[in-house]
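# Topology and contacts: notes
Spelled out from the first residue to the last, the chains are:
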Amino acid sequence: MKVHPAAWTALVLLFAAVVGLQMIQAAQPPLASPEGVSTNLLYVRSPQVLQRATLSFQALAADIYWIRAVQHYGGTKLSNDQNKQYDVLYPLLDLTTSLDPYFDVVYKFGSVFLAEPYPAGAGRPDQAIALLQKGLRTRPDKWDLAQSIGFVYYWWLADDQSAAMWFNRAADMPAAPEWLRPLAAVTLAQGGNRASSRMLWTEIARNADAGWLRDQAAFRLKQLDALDGIDIMERVVQQYRGRTGVLPASWGDMMRAGFLRGVPADPAGVPFQLDSATGKVTLDPNSPLNPLPTAGRRL
Amino acid sequence: MRVIGHVAVNVFKESVRDKVLYNLLVFAALLISASYLIGQLTAGQDVKIIKDLGLASISVFGLLIAVFIGIGLVWKEVERRSIYTLLSKPMRRQEFLLGKYFGLVLTLVINVAVMTAAYYAVLAYMQAVSPPNLRASWPAPATDPALLKAIALIMLELMLVTAIALLFSTFSTPFLSAMLTTAVWVIGHFNQDLRDYGATIPSPLAAAIARGVYYVIPNFAAFDVKLQVVHAQSVPLRYIGLTTAYGFTYIALVLLAAAIVFSKRDFK
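Residue positions within a chain follow its written sequence, with the count starting from 1. Working convention: letters from A go to chains and numbers from 1 go to ligands, in the order in which they are written. Owing to the predicted nature of the model, reporting of local features is limited to residues with pLDDT of at least 70; listing and counting of side-chain atom pairs is limited to 80 or more, with chain, interface and lining totals taken over all residues.

## Details of the overall build of chain B
Helix and strand definitions follow DSSP, with helices as H or I runs of at least four residues and strands as E runs of at least two, each counted in order from the N terminus. A tally of helices and strands in chain B yields 13 helices and zero strands. Written out in order from the N terminus, the α and β elements of chain B read α-α-α-α-α-α-α-α-α-α-α-α-α. Dimensions along the principal axes, computed over C-alpha positions, put chain B at roughly 70 × 55 × 30 Å. Counting other C-beta atoms within 10 Å of each residue's C-beta, where C-beta atoms are placed from the backbone, gives the exposure class: buried for 20 or more, exposed for 12 or fewer, partly exposed between. When the 268 residues of chain B are sorted by exposure, 39% land in the buried category.

Here's what the structure looks like:
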């Protein structure tokens, strides 16, 4: 049977209309989800069901869930959504480690994703600890998992007693590095001082096998350097006051008085700000090192 | 033996004519594209994921070939009525059946061998391009020879699946054979649950039946050591030896059953 020429024309027109409408729709802003309502979907939440459903392909399924977890974390973190939801992050990591209990990186990186404060992370150090403890149940001799638990207690929960206990426990494990024992002692004796923080981040920067974790450690070390720099500059400002009787109005005053050779800058190269009324030194608001952790006792 | 060899070679040639080996191209493309894409999608563990993906692909491609060619081995000859010509030649039915089986096994061996070579080539590339500090964090080198243990057991599993598909194809239609073979393969992965069934139900009879089924159904889960080799966990030679003995014994049992069914089948 011969097809009517109008049918072909209609077919082309309808096809063009479908594509055109889709293009218009794609250009529209996405519909906002109601506050507190998650749009993240997880069809299977039971590790037992998933273990059985994946038959002999559990390792591959674990890889897929790990990629999903990374995409979920990264996508949520980088999104401009005001209503960021990390609610499926822990279930995804739990499923991944149930499918492949030896998947070390999931415990290590996953705990970082979970512990990081909201909105940069899930803000759930409790879940980070639960994930790491699950890893330790499978691999009781993995010192780095115990050290990571200590780190979460130290850095995010400011619980020095528990942190020192976990650092000590990690130090007792086979092949544990020598620096863990002194770290435990320093943490217990001095709490969250800057020296122990520097020690921790230096070791992470040296030993982490992922580039982004090393970058994160390098960033934290720069923040510590910035805090050191602020302390030094505030001391110099007080010396200026002691000699002249007044606080400096600007860095220029201190340079002319011979206290400084140039405008002091943070490790990112951005000049520090001086409050001439109080003598306090702070980071420039445009410095990439902002925000400095103000929880204070960690640094 | 010569007769079996002739039939086997013909089955292999037929699979080449049917473009079965094209799956090797898909496998190679999958691995090469994955080795690039995985690095963009995940945080670390690229080599672990490539290892998992490669082993799973070898298993899946082999399984598809074993099931979908295995079920047609006998049925095709009956459907085309070429079975009459074949059986009128100086060839016993058992020889015909074994020839069909070994022909498909030959196809599978060649497929798995080429896939393994491509797999190791991609892993060698990953090893070469990875920085030394990253390589130091791996539990084993990318080209760890222990991966061959998993591949050998996958091959044995495929040989058993082929034998089961052949058994079903001696008396059933291709659709039903595919369903039955797949069902046996799936149930074979739930064997552990059948063994532990007694702990969850009060009826001793049901528990005894479940335990009986556990011993009868092929234990396909035993052939899966992918997780262990990827994480450089030890897979003792005793385990491999025992599983190999179990696999070959089960294959012999299924082939014998197939030969009996086939010898009794009336083609008039």
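After presenting the structure, the write-up continues.
## Digging into the overall build of chain A
When helices and strands are counted, chain A shows 12 helices and two strands. Reading chain A from its N terminus to its C terminus gives the helix and strand order α-α-α-α-α-α-α-α-α-α-α-α-β-β. With the principal axes as the frame, chain A shows a C-alpha extent of 105 × 55 × 30 Å. Burial analysis of chain A (299 residues in total) assigns 33% to the buried set. Contacts in chain A between residues at least 24 apart in sequence constitute 49% of all its contacts with a sequence separation of at least 6. Residues are defined as contacting one another if the C-beta atoms placed from their backbone atoms lie within 7 Å.

## So, helix H8 (residues 147-169) of chain B
Every helix has an expected span of 1.5 Å times one less than the residues it contains. Taking 1.5 Å per residue as the helical rise, H8 of chain B with its 23 residues ought to reach 33 Å, and the 33 Å between its terminal C-alpha atoms agrees with that figure. The buried fraction of H8 of chain B amounts to 20 of the 23 residues, a majority that puts the element mostly inside the structure.

## Remarks on the interface of chain A and chain B
Listed per partner, the contact involves 19 residues of chain A and 22 residues of chain B. At the level of elements, helix H3 (58-78) and helix H5 (104-115) of chain A are the ones that each hand at least two residues to the side of chain A that touches chain B. When residues of the side of chain A that touches chain B are assigned to their parent elements, the largest contribution, eight residues, is made by H3 of chain A. Polar here means any residue outside two lists: the nonpolar Ala, Val, Leu, Ile, Met, Phe, Trp, Tyr, Cys and Pro, and the charged Asp, Glu, Lys and Arg; Gly therefore counts as polar. Its residues assigned to classes, the side of chain A that touches chain B shows 12 nonpolar, three polar and four charged.

## Here's the deal with helix H11 (residues 204-216) of chain B
In this model H11 of chain B runs 18 Å from its N-terminal to its C-terminal C-alpha over 13 residues, within 8% of the 18 Å that 1.5 Å per residue would give. By the criterion of burial, H11 of chain B is predominantly exposed, with just zero of the 13 residues buried.

## Regarding the packing of H3 of chain A against helix H4 (residues 89-99) of chain A
Residues and elements named next belong to chain A. Interhelical geometry of H3 versus H4 gives an angle of 160° and a closest axis separation of 8 Å. Judged by the inter-axis angle, H3 sits roughly antiparallel to H4. Note that H3 runs across H4; the crossing there is left-handed. Residues Gln58, Ala61, Ala62, Tyr65, Trp66, Arg68, Ala69, His72 and Tyr73 of H3 lie in contact with H4, whose contacting residues are Leu89, Leu92, Leu93, Leu95, Thr96 and Leu99. Looking at the contact of H3 with H4, its residues break down into 11 nonpolar, three polar and one charged. The axes used here are C-alpha line fits, helices contributing only the stretch in contact, and every angle between their N-to-C directions lies in the interval 0 to 180 degrees. Angular relationships are summarised with four words: roughly parallel below 35 degrees, roughly antiparallel beyond 145, roughly perpendicular across 65 to 115, and oblique for the angles in between. In this scheme the handedness of a crossing depends on how the near helix is turned from the far one: anticlockwise by less than a right angle means left-handed, clockwise means right-handed.

## Some details on the packing of H8 of chain B against helix H13 (residues 237-264) of chain B
Residues and elements named next belong to chain B. Contact geometry for H8 and H13: axes closest at 8 Å, N-to-C directions at 15°. Classified by the angle their axes make, H8 and H13 are roughly parallel. Every pair of crossing elements has a handedness; the one defined by H8 and H13 is left-handed. From H8, Lys149, Leu153, Leu156, Met159, Leu160, Ala163, Ile164, Leu166 and Leu167 reach across to H13, where they touch Ile240, Thr243, Thr244, Gly247, Tyr250, Ile251, Val254, Leu255, Ala257 and Ala258.

## As for the confidence of the model for chain B
All names here are of chain B. Here chain B averages 87 in pLDDT, and 97% of its residues register 70 or above. The element-level mean pLDDT for chain B is lowest in helix H2 (residues 22-41), coming to 76, with H8 highest at 95. Interface confidence for the predicted complex, expressed as ipTM, amounts to 0.77; the pTM equals 0.74. Per-residue confidence from the predictor is reported as pLDDT, which spans 0 to 100.

## Concerning unusual backbone geometry
Residue Tyr118 of chain A is joined to Pro119 of chain A through a cis peptide bond whose omega torsion reads 10°. In this structure, Pro119 of chain A sits in the loop between H5 and helix H6 (125-138). Positive phi values are uncommon outside glycine, yet Ala158 of chain A reaches one of about 50°. Inspection of the secondary structure puts Ala158 of chain A in the loop between helix H7 (143-156) and helix H8 (160-171). Judged by the 15 C-beta atoms lying within 10 Å of it, Ala158 of chain A is partly exposed. We note that Arg81 of chain B has phi near 65°; this positive angle belongs to a residue other than glycine. If you trace the backbone, Arg81 of chain B turns up in the loop between helix H4 (73-79) and helix H5 (82-88). Using a count of 9 C-beta atoms within 10 Å as the deciding quantity, one classes Arg81 of chain B as exposed.

## Re the environment of Val7 of chain B
Residue and element names in this part refer to chain B. Mapped onto the elements of the fold, Val7 is located in helix H1 (residues 2-17). The exposure class assigned to Val7 is buried, which follows from the 22 C-beta atoms found within 10 Å. Note: C-alpha distance between Val7 and Ser130 (123 residues apart in sequence) is 47 Å. Leave out the neighbours within four places in its chain, and Val7 touches Phe96, Gly99, Lys100 and Gly103.

## Brief notes about the nonpolar core
Each nonpolar core reported here comprises buried Ala, Val, Leu, Ile, Met, Phe, Trp, Tyr and Cys residues connected via C-beta atoms within 7 Å. Among the nonpolar cores identified, the biggest contains 123 residues, and Leu89 and Phe167 of chain A together with Tyr101, Val161 and Ala163 of chain B are the most heavily contacted of them. By residue number, the principal contributor to this core is H8 of chain B, which donates 17 residues. Sequence-distant contacts of Ala163 of chain B, defined by excluding residues within four places in its chain, comprise Tyr101, Ile251, Val254 and Leu255 of chain B. In terms of nonpolar packing, the next biggest core, distinct from the first, is built from seven residues, Tyr240, Trp251, Leu274 and Val281 of chain A among them.

## Things to note about the confidence of the model for chain A
Confidence in the prediction for chain A averages 86 pLDDT; 92% of positions are at 70 or higher. Element-level pLDDT for chain A is lowest in helix H9 (residues 180-190) of chain A, with a mean of 75, against a maximum mean of 96 in H6 of chain A.

## Side note on the environment of Ala128 of chain B
With respect to the helices and strands, Ala128 of chain B occurs in helix H6 (residues 93-129). By C-beta crowding, Ala128 of chain B is classed as exposed, having 10 other C-beta atoms within 10 Å.

## Overview of the environment of Tyr65 of chain A
Residues and elements named next belong to chain A. By the element assignment, Tyr65 lies in helix H3. Distance from Tyr65 to Ser196, taken between C-alpha atoms, is 35 Å for residues 131 residues apart in sequence. Non-local contacts of Tyr65, meaning those with residues more than four positions away in its chain, are made with Leu92, Leu95, Thr96 and Leu99.

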